[in-house]
Amino acid sequence: MGKVLIVSGANLPPQWVDQLIADFGSAGVELVQEMPDAEVQYVLAWQPPAGRLRQFTNLKAVFSFGAGVDHILNDPHLPKVPIIRAVTDDLAERMTEYVVWQVLHHHRRGLDYAALQAQSKWRPLGAPKAANRRVGILGYGRLGAHAGKALQAVGFSVAGWSRSEKSPEGIQHFHGTQSLPAFLAETEILVCLLPLTPETKDILAKPLFDQLPKGAALVHVGRGEQLVPDDLLDALNSGHLSAASLDVVPEEPLPATSPLWQHPRIVLTPHIASTTDGKALGAQTRSALDALETGKPPQNVVDVAKGY
Ligand code: NDP
Ligand code: OXD
């Protein structure tokens, strides 16, 4: 079984890397931090520096450390080898926890009660029950569908939006740009779980916000570059949107000077909605390596033309 070289443009904490190497090892995958370029056949990539991957002349496949692959596809010199993204139950379960947490927070007016508590005010506020609240998921893929089913189980009325047609049970599904207005018109809590592509960049902006009903809330867990922060601030300040949870923002870490930090209607988390578990990714990588080394097609190969 070939070794897998870690290639990252970000500074990874040494203890964290040691744990990842141990987790991959327990799945039967030898993960290494150094080896001669000419011997590299497999890479585990996280924000690889542009041009670095093409230096591996014997490369057979690239494994993405994340579910999103924008951090790899933005390399203009990308070698033509399969790119395999992270797709594990663990990643979906963690994402679902986050989405359900934030959707319930806005559904049950968590920010309003926090403000009342800060003023020592005992004031019951109304809220519809979940069945009468529509949650719309932009990007009804692996993670979106997992979160959608959990929200449905809580009792919410759930809708999804994708590129292609789908018929999830008990969930209204929309597809394509022509159906976006109808999807948005009914959505009271919007969850963004889209991959970052040229089509989805800046999608969370005024034209989209304007199509949501007044008082709608946003839970953004896709990619930061899908959001136009000034348009969000305008929509919150005008009262058109009631609240937003942002796990991802265009510049990460978010600069201390950003007005997003102090906004009373924003919940901020530092890109932790779901984090890749070393053991789960190790097991997925092992299956993919088994397939690659026996000439079978690996699963979860990215469609580079579509961009995700
Ligand atoms: P998938 O590829 O399984 O799902 C993507 C979904 O988006 C699909 O339903 C796809 O449609 C839809 N989509 C893509 N482009 C468009 C478009 N132009 N118009 C309409 N629908 C579109 O990805 P995952 O669910 O695994 O992951 C989604 C994203 O979540 C990742 O790319 C990443 O950016 C983000 N993420 C964030 C994390 C965090 O901690 N904040 C953690 C993990 C992931 P179709 O099904 O028709 O192809
Ligand atoms: C991912 C992420 O794409 O953590 O997996 O953002």
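An account of the accompanying structure is given in this report. A quick note: this is a predicted structure, and the numbers were derived from the prediction, not measured.

What follows is about the site of ligand 2. Neighbouring ligand 2 are the residues Gly 66, Ala 67, Gly 68, Arg 223, His 271 and Ser 274. Within the backbone of Ala 67, a nitrogen or oxygen atom sits 2.7 Å from an oxygen atom of ligand 2. Between an oxygen atom of ligand 2 and a main-chain N or O atom of Gly 68, the distance comes to 2.8 Å. A total of 210 Å² of accessible area belongs to ligand 2 in isolation, and the protein chains cover 85% of it.

Sheet strands pair via backbone hydrogen bonds, and the direction of the pair is either parallel or antiparallel. The parallel open sheet is built from five strands, whose spatial order is S2-S1-S3-S4-S5. Unpaired on one side and paired on the other, strand S2 (31-32) and strand S5 (83-84) mark the two borders of the sheet. Across five bridges, the pairing between strand S1 (residues 4-8) and strand S3 (residues 42-46) is parallel. Bridged to Val 7 within S3 is Ala 45. Docked against the sheet, helix H9 (residues 278-293) engages S1, S3, strand S4 (61-64) and S5, running at close to 165° with respect to S4.

Moving on to the site of ligand 1. Around ligand 1, the structure places 28 residues, and the nearest of them are Arg 85, Arg 142, Ser 164, Lys 166 and Tyr 308. For ligand 1, an oxygen atom lies 2.9 Å from a polar atom in the backbone of Leu 143. Contact distances for ligand 1 include 3.0 Å between an oxygen atom and a backbone N or O atom of Ser 274. Of all elements in the fold, only helix H5 (142-154) and strand S7 (157-162) reach the threshold of two or more residues within the shell around ligand 1.

About the cut-offs
- Residues numbered from 1 in each chain as written.
- Chains lettered and ligands numbered in written order.
- Predicted model: local features only at pLDDT ≥ 70, side-chain atom pairs only at ≥ 80, totals over all residues.
- Heavy atoms only, no water.
- Near = heavy atom within 4 Å.
- Polar contact = N/O pair within 3.5 Å; in protein donor to acceptor, adjacent residues only side chain to side chain.
- Areas by Shrake-Rupley, 256 points an atom, 1.4 Å probe, with all protein chains shown as cover.
- Pairing = 2+ DSSP bridges.
- Helix = DSSP H or I, 4+ residues; strand = E, 2+ residues; numbered from the N terminus.
- Contact = heavy atoms within 4.5 Å.
- Axes fitted to C-alpha atoms, helices over the stretch in contact; angles between N-to-C directions.

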